[in-house]
Amino acid sequence: MNGDIYKKYAQARAKKSPIFRDCVWAFAVGGTICTIGEGLRNLYEYVGLSEDNSGMLASVTLVFITAVLTGLGVFDNIAKYAGGGTIVPISGFANAISAAAIDNKSEGFVPGVGAKIFIIAGPVILYGISTGVVYGVIYYFFTQVLK
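This text gives an overview of the structure that appears in the document.

Cut-offs applied
Residues numbered from 1 in each chain as written. Predicted model: local features only at pLDDT ≥ 70, side-chain atom pairs only at ≥ 80, totals over all residues. Heavy atoms only, no water. Helix = DSSP H or I, 4+ residues; strand = E, 2+ residues; numbered from the N terminus. Polar contact = N/O pair within 3.5 Å; in protein donor to acceptor, adjacent residues only side chain to side chain. Contact = heavy atoms within 4.5 Å. Phe/Tyr/Trp six-rings, centres within 6.5 Å; stacked < 30°, edge-to-face > 60°. Buried < 20%, exposed > 50% of the residue type's maximum accessible area, 1.4 Å probe, protein only.

## Notes on the side chain of Asn95
Phase 1 of the analysis: Tracing the backbone through its elements, the reader meets Asn95 in helix α5 (residues 89-103).
Phase 2 of the analysis: There is a polar contact of 2.8 Å between the side chain of Asn95 and the side chain of Thr70.
Phase 3 of the analysis: Sequence-distant contacts of Asn95, defined by excluding residues within four places in its chain, comprise Thr66, Thr70, Phe75 and Asp76.

## Notes on the packing of aromatic side chains
Phase 1 of the analysis: Considering all chains together, one arrives at 3 aromatic pairs under this definition.
Phase 2 of the analysis: For the pair Tyr6 and Tyr9, a centre-to-centre distance of 6.4 Å together with 35 degrees between the ring planes defines the contact as tilted. Remark: Tyr9 and Tyr6 occur in helix α1 (residues 2-13); sequence separation between them is 3 residues, near one turn of the helix.
Phase 3 of the analysis: Residue classification places Tyr9 among the partly exposed positions, given a relative accessible area of 45%.
Phase 4 of the analysis: Each ring, one from Phe141 and one from Phe142, has its centre 5.5 Å from the other, and the planes form 80 degrees; the classification is edge-to-face.
Phase 5 of the analysis: Looking at Phe141, the relative accessible area reads 41%, which means it is partly exposed.

Shown next, in the form of structure tokens:
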């Protein structure tokens, strides 16, 4: 009973989210991050790197830029306006790891940074790999066994 009262109280006072504006910002910022990544890949190919190496280096560059912006506190300000647009996989993952490392550095490098760096990204890695294995087995079954 008390849960229902609190739920009504919280809903009545919760700030309404401007969904259309939030979607536009998420689309614009997420698209900009992807466009920057594609531009980096094209730049690296232009200077003579192979397609595989330029793609890898573009990813590494985006991770580095995101980590630096997270460390400077800039990425969080971008995320306030862009919301889900900053969760483009490469930048969202880099932000999650960097933020966890920064938040726990006062506890020391081993018990703080080392132990807690994957506290947010760990489940993503675990379930991402697990899902990949399950899909791989299903794919193998349908393409090789049922041939």
